[in-house]
Each structure stands twice: as structure tokens, then as C-alpha cells.
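Report on the structure
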Amino acid sequence: PALGRGRNLMARVALVIGLFIALLGVLGLVAPNAFVEVVSFFQTPAIIYLASAIRVAFGVILILAASTSRAPMTLRVLGGLIAIGGLLSPFFGVRFAQPILASWSAGGPVVVRIWAAFGLLLGAFIIYAVWPRRPLPNNSFKPKPLRGSA
């Protein structure tokens, strides 16, 4: 029972992660300049360690939530890639982010919106994968047998 509660908790936390990623995608679609500012902020040398820790935590949570999801293998792979990216970010993150941010600047809002759309799709996939498959049972909604019927 305790293990089941832990998996359920991880699925709920993964759902929040999916919502967060999807909301970042929506921000990029609606306000591309604000999206670029947020991404740029997390790529500064002082903040990259925080961003790395967040990525590792997101990845581990997705891995832990995978077993109760609709797409366990995909979530495990995705979680692993995110966690590895988080571990590598302090060493390579700024170097990789600079060309991406430069291409966003050169391409303008259309390029940013394309990247943001991928973020929205990723978040939506995570939400779909960890969303409960059926509502939790609630005895108050069970039909009651009619009197006099067999």
C-alpha cells in the first residue's frame, strides 16, 4: 500500500511537471519575447546550477512515475534524457544555449513559437501519459438495487 501511494504521488508530481512545461509552451506561443527572457535567465552562469537541479529532479520524477503511466518506456527514456541533460548543463548548458538563443533572435517570433509549440506538445504528452486512466472508485455513485428486484 505505501508503495502504491508513492507511485501515485510521483504521478501527481509528474502531472504538475507536465502542466509547467505546457504552460511554458503557451507562454512562448502567446509572448515569445517573455519566453526568450525566461529561457535566457536560466542559462546564466549563476542560475544554471539551479536549472540543472530542476532538470535532474524532473527527469527522476518522470522515471519514477513511468510505471503507472500510459507510456512507461517513453517516460523512462524522456526522464533519463532530461536527467542526463540536467547533469551535463553546468558543463555544456551555456555553450549549447547561446546558439539556440541566437537562432531565436535571428528567426524572430516565428522560430520561438515553433520551439514553444514543441514544449507545449511535450507537456501535453506528459499530462496524457500520467493522467489517471479512470476515475477513482466512489461508492456513493454506484447504482443501488431497486426494492423488490432480484
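Up top is the structure these notes are about.
All of the points below concern the structure found in this document. (Residues numbered from 1 in each chain as written. Predicted model: local features only at pLDDT ≥ 70, side-chain atom pairs only at ≥ 80, totals over all residues. Heavy atoms only, no water.)

1. Quick word on the layout of surface pockets
Applicable threshold: A cavity here means a set of 1 Å grid points, computed over protein atoms only, where a 1.4 Å probe fits but cannot escape. A pocket is an open set with protein on both sides within 12 Å along at least 5 of 7 lines, and lining residues have an atom within 4 Å of a point. Grid points are joined across faces, edges and corners, and a volume is the space filled by probe spheres set on the points. Put simply, DSSP marks the helices as runs of H or I at least four residues long and the strands as runs of E at least two long, and each gets a number from the N terminus on. All amino acids are sorted into three groups, where Ala, Val, Leu, Ile, Met, Phe, Trp, Tyr, Cys and Pro are nonpolar, Asp, Glu, Lys and Arg are charged, and the leftover types, Gly among them, are polar.
In this structure, the largest pocket occupies an estimated 1200 Å³ of space. Forming the walls of the largest pocket are 31 residues, and the residues nearest its centre are L24, V39, Q43, R55 and L122. Broken down by secondary-structure element, the contributors of at least two residues to the lining of the largest pocket are α1 (2-30), α2 (32-41), α3 (48-65), α4 (72-107) and α5 (109-130). Sorting elements by how many residues they give to the lining of the largest pocket places α4 first, with 14 residues. Broken down by class, the residue content of the lining of the largest pocket amounts to 24 nonpolar, 6 polar and 1 charged.

2. Side note on a nonpolar patch on the surface
To keep things clear, this is the line we draw: In this analysis, a patch consists of residues with relative accessible area above 30% that form no salt bridge, clustered at 9 Å for like charges and at 5 Å for the nonpolar side chains Val, Leu, Ile, Met, Phe, Trp and Tyr. A 1.4 Å probe and the Shrake-Rupley method give the accessible areas. Residues count as covered only by the protein chains that appear here. Only one rule defines a salt bridge in this text: a Lys or Arg side-chain nitrogen within 4 Å of an Asp or Glu carboxyl oxygen. Per-residue accessibility, obtained with a 1.4 Å probe over protein chains only, is compared with the maximum for each type, and a residue is labelled buried under 20%, exposed over 50%, and partly exposed between these values.
On the surface, I84, L88, F91, F92 and F96 cluster together into a nonpolar patch covering about 540 Å² of accessible area. Assignment of secondary structure puts F91 in helix α4. In this structure F91 comes out as exposed when scored by relative accessible area, which is 57%.

3. Quick word on the environment of A31
For A31, the location among the structural elements is in the loop between α1 and α2. Judged by its relative accessible area of 25%, A31 is partly exposed. A31 sits 78 residues away from P109 along the chain, and the two C-alpha atoms are 8.6 Å apart.

4. Concerning the environment of Q43
Topologically, Q43 is positioned in the loop between α2 and α3. With 46 residues separating them in the primary sequence, Q43 and S89 have C-alpha atoms 8.9 Å apart.

5. As for the nonpolar core
Using the following cut-off: What we call a nonpolar core is a set of buried Ala, Val, Leu, Ile, Met, Phe, Trp, Tyr and Cys residues that are connected through their side-chain atoms within 4.5 Å. Residue contacts follow a heavy-atom distance rule, with two residues in contact if any of their heavy atoms lie within 4.5 Å.
Among the nonpolar cores identified, the biggest contains 18 residues, and A14, L62, L75, L78, I126 and V130 are the most heavily contacted of them. Considering every element that reaches this core, the biggest residue donor is α1, with 6 residues. L78 has contacts with L62, L122 and I126, leaving out every residue within four places of it along the chain. Core analysis: the next-biggest nonpolar cluster, separate from the first, contains 6 residues, V36, W104, V112 and A116 among them.

6. A closer look at the packing of aromatic side chains
Test applied: Aromatic pairs are defined between Phe, Tyr and Trp rings, using the six-membered ring for Trp, whenever the two ring centres lie within 6.5 Å; interplanar angles under 30 degrees are classed as stacked, those over 60 as edge-to-face, and all others as tilted. Here, over-ring charges are defined by two tests on the NZ atom of lysine or the CZ atom of arginine: distance to the ring centre within 6 Å, and angle to the ring normal within 35 degrees.
Here the structure, examined in full by the defined rule, presents 4 aromatic pairs. Members of the aromatic cluster, connected to one another through ring pairs, are F35, W104 and W115. Seen from the ring of Y128, R70 lies directly overhead, with NZ or CZ sitting 4.7 Å from the centre.

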